[in-house]
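Each chain, letter by letter, is given below.
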Amino acid sequence: MSKKVLMLAAKANMIQQFNHRNIKILQNLGYEVHVATNMVDFGSMSTDENERFKLWMSDNSVIAHQVDFERRMGTLKGNIRSIRQLREIFKTNNFSFIHVHSPLGSILGRFVAKQFKVPTIYTAHGFHFFKGGPKSSWIFFYPLEWLFSFFTDTLITINDEDFALAKSHMHSKKNVQIHSIGIDVTRAWSVTQEAKSIARKKIRQELNIPEDAFLISSVGELSNRKNHRIVLDALQLMSQDELTNIYYVIAGTGNNGNMLQEMAQSFDFENHFHLLGYRSDIHDINYASNVSILPSLREGIGLAGLDATVDGTYLLGTKIGGVSDYIRDGVNGDLFNPNDFMRLKNLIASLLKTNIPTQKYQFLSRFDKRNVDKKMIDIYKYISD
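Remember, predicted model here, so these are calculated numbers, not experimental data.

Draft legend 1. How the structure looks around the overall build of the protein chain. Tallying secondary structure elements over the protein chain gives 16 helices and 13 strands in all. Dimensions along the principal axes, computed over C-alpha positions, put the protein chain at roughly 65 × 40 × 40 Å. In the protein chain, buried positions account for 57% of the 385 residues. When contacts within the protein chain are restricted to residue pairs at least 6 apart in sequence, those whose partners lie at least 24 apart make up 70%. Summed over its atoms, the accessible surface of the protein chain is roughly 17,300 Å², and 50% of this surface lies on carbon and sulfur atoms. Here the protein chain contributes 45 positively and 39 negatively charged side chains, and the mean placements of these two sets differ by 8 Å.

Draft legend 2. Structural view of the sheet that holds strand β9 (residues 246-251). One open sheet holds the six strands; their spatial order is β10-β9-β8-β11-β12-β13, and the pairing between them is parallel. Two strands in the sheet have a free side with no partner beyond their single neighbour: β10 (273-277) and β13 (333-336). The average angle at which neighbouring strand axes cross in this sheet is 20°, direction not considered. In this sheet, strand β12 (residues 314-318) lies alongside strand β11 (residues 291-294) in parallel orientation, the contact comprising four bridges. Residue pairing for β12: I293 is matched across the bridge by L316. In the packing of helix α15 (residues 341-352) onto the sheet, contacts are made with β8 (214-219), β9, β11, β12 and β13, and the angle to β13 comes to roughly 165°.

Draft legend 3. Main features of the pattern of salt bridges. Evaluation of the coordinates by the stated rule reveals 19 salt bridges. In this structure, the salt-bridge partner of E70 is R81, at a minimum N-O distance of 3.6 Å. Here E70 is found in the loop between β3 (63-66) and α4 (76-91), whereas its partner R81 is found in helix α4, with 11 residues between them in sequence. Among the ionic pairs, R200 bridges to E211, the shortest N-O distance being 2.8 Å. Taken together, the residues span a long stretch of sequence, with R200 in helix α9 (residues 193-206) and E211 in the loop between α9 and β8 at a distance of 11 residues. When salt bridges that share partners are traced, they join D184, D368, K369 and R370 into one network.

Draft legend 4. Local environment of the nonpolar core. Judged by nonpolar contacts, the single largest core of 48 residues is most densely connected at L26, F97, V310, Y326, L364, M376 and Y380. Those elements that place two or more of their residues in this core are β1 (3-11), α1 (12-18), α2 (20-28), β2 (31-38), α3 (47-59), α8 (185-190), α14 (303-310) and α16 (369-384). In terms of residue count, the dominant contributor to this core is α16 (five residues).

Draft legend 5. A look at a nonpolar patch on the surface. Among the surface-exposed residues, W146, L147 and F150 lie close enough to one another that they form a single nonpolar patch of about 290 Å² accessible area. Within the element layout of this structure, L147 appears in helix α6 (residues 135-149). Overall, L147 belongs to the partly exposed group, its relative accessible area being 41%.

Draft legend 6. Fine view of the packing of helix α10 (residues 229-236) against α15. Packing of α10 against α15 brings their axes to within 8 Å, and their N-to-C directions diverge by 65°. In terms of orientation, α10 lies roughly perpendicular with respect to α15. For α10 against α15, the interelement crossing comes out right-handed. From α10, I230, V231, D233, A234 and L235 reach across to α15, where they touch F341, L344, K345 and I348. When the residues that make up the contact of α10 with α15 are grouped by side-chain class, the tally is seven nonpolar, no polar and two charged.

Draft legend 7. Expanded view of the packing of aromatic side chains. Applying the stated criterion to the full structure yields 12 aromatic pairs. A ring pair is formed by F148 and F151, whose centres lie 5.2 Å apart and whose planes are at 75°; its orientation type is edge-to-face. Judged by relative accessible area, F148 falls into the buried class, the value being 8%. For the pair F267 and F269, a centre-to-centre distance of 5.4 Å together with 10° between the ring planes defines the contact as stacked.

Draft legend 8. Fine view of α16. Under the 1.5 Å per step criterion, the end-to-end length of α16 is 22 Å for 16 residues, consistent within 8% with the ideal 22 Å. Among the residues of α16, those classed as buried are V372, D373, M376, I379, Y380 and I383. One side of α16 carries all its buried residues, which in axial view fall inside an arc of 120°. Among the exposed residues of α16, those oriented more than 90 degrees off its buried face are K374 and D378. If you check the start of α16, you find a side-chain oxygen 2.9 Å away from the backbone N of R370, and it comes from D368.

Draft legend 9. Representation of the sheet that holds β2. Reading across the sheet, the seven strands line up as β3-β2-β1-β4-β5-β6-β7 and stay open at both edges, with parallel pairing between neighbours. What marks the edges here is a single partner per strand, and that holds for β3 and β7 (174-177). This sheet shows a mean twist of 20° between the axes of neighbouring strands, independent of strand direction. Each of β1, β2 and β4 (95-101) touches α2; the most contacted strand, β2, lies at about 150° to it. On top of the sheet, helix α7 (residues 160-169) reaches β6 (154-157) and β7; it is set at about 170° to β7, its chief contact.

About the cut-offs
- Residues numbered from 1 in each chain as written.
- Predicted model: local features only at pLDDT ≥ 70, side-chain atom pairs only at ≥ 80, totals over all residues.
- Heavy atoms only, no water.
- Helix = DSSP H or I, 4+ residues; strand = E, 2+ residues; numbered from the N terminus.
- Buried < 20%, exposed > 50% of the residue type's maximum accessible area, 1.4 Å probe, protein only.
- Contact = heavy atoms within 4.5 Å.
- Areas by Shrake-Rupley, 256 points an atom, 1.4 Å probe, with all protein chains shown as cover.
- Lys, Arg positive; Asp, Glu negative; His and termini not counted.
- Charge placed at Lys NZ, Arg CZ, Asp CG, Glu CD.
- Pairing = 2+ DSSP bridges.
- Axes fitted to C-alpha atoms, helices over the stretch in contact; angles between N-to-C directions.
- Salt bridge = Lys/Arg side-chain N within 4 Å of Asp/Glu carboxyl O.
- Core = buried A, V, L, I, M, F, W, Y, C linked by side-chain atoms within 4.5 Å.
- Patch = residues over 30% accessible without salt bridge, like charges linked within 9 Å, V, L, I, M, F, W, Y side chains within 5 Å.
- Parallel < 35°, antiparallel > 145°, perpendicular 65-115°, else oblique.
- Left-handed = near helix turned anticlockwise from the far one by under 90°.
- Nonpolar A, V, L, I, M, F, W, Y, C, P; charged D, E, K, R; others polar.
- Phe/Tyr/Trp six-rings, centres within 6.5 Å; stacked < 30°, edge-to-face > 60°.
- Expected span 1.5 Å × (residues − 1).
- Arc of directions from axis to C-beta.
- Polar contact = N/O pair within 3.5 Å; in protein donor to acceptor, adjacent residues only side chain to side chain.

See below:
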């Protein structure tokens with residue numbers, strides 16, 4: 001009989017975006033992998049991506065279970081329904097351990113796993129409480145994470161701040177840090193300047209952006225949390241002479257598109273502002289950009305920013321969560337408070353007059369997916385011993 005393991009998150013996008021490699025690692029270790037998530041209300045990805053993910057699970061012998069997790073922290077009625085669904089999954093499967101993600105999924109998953117005496121790994125993709133964060137998040141999320149840490153065998157954090165907090169305040173049996181979920185640093189550093197130049201030209205021609213224009217890009221959902229509006233707030237403070245040669249593009253989908261377009265129109269910037277929707281060529285967009293901006297109000301690590309700086313694009317990043325783990329001020333980027341549009345404006349203005357460095361920084365090699373995967377193999381082996 002195969003050993004079984006359950007991968008669990010409230011929304012399917014959390015599994016799709018962050019756990020393909022973990023699933024393959026578990027299968028290579030001899031596990032039959034089950035996934036429990038909401039594949040109907042699937043989170044921040046497109047319908048096409050969701051369908052591709054379901055097909056990927058089928059093609060890779062992953063056993064999928066629909067659980068009707070609600071949005072955010074859910075309602076009492078909805079959470080009771082999800083718990084009942086999880087109990088049925090646990091009753092019919094003898095799991096060796098489970099690996100949970102996302103606040104709601106991790107809490108309900110650990111609650112049921114405790115009842116069935118199943119060991120639990122929890123990856124915190126950025127605690128919702130953090131230095132400089134809102135008091136409401138500390139009041140609500142900190143007690144929950146503290147309480148459920150007693151139900152956790154291994155707690156995985158993905159940035160320095162969360163790891164320090166976990167060691168000092170949480171009560172899981174084992175605390176481990178991985179450096180993000182891992183990106184392909186080796187591949188990124190193998191791309192030639194010629195290939196980058198070709199990609200830069202292609203993107204700029206597609207978007208009708210002049211070769212000598214100063215292109216700013218951001219990648220992320222068009223939501224309040226991703227905070228793209230602060231970039232437009234900063235640009236609005238710049239002179240018309242400066243704005244003449246500045247373009248700003250955002251790759252991502254979400255509900256704030258109309259609001260962002262209206263902001264750009266309010267200072268006659270709409271012809272230099274492009275919402276690109278979902279893009280599969282983010283690396284090419286990075287190569288085409290003079291600077292990338294990650295302005296989020298909350299980020300566990302900010303993979304879009306990490307990808308940008310590893311691609312060699314200078315990064316202006318929010319001074320929140322794990323972003324400071326990979327930005328060194330004045331070296332590969334600069335940090336700013338996500339509410340300080342004046343500092344962001346000044347940073348952009350100074351870069352207009354600067355020969356921006358683009359090179360490989362060895363301190364970024366720790367984020368390579370091969371290093372992360374080695375650590376995940378050790379974690380999975382440890383909990384199964």
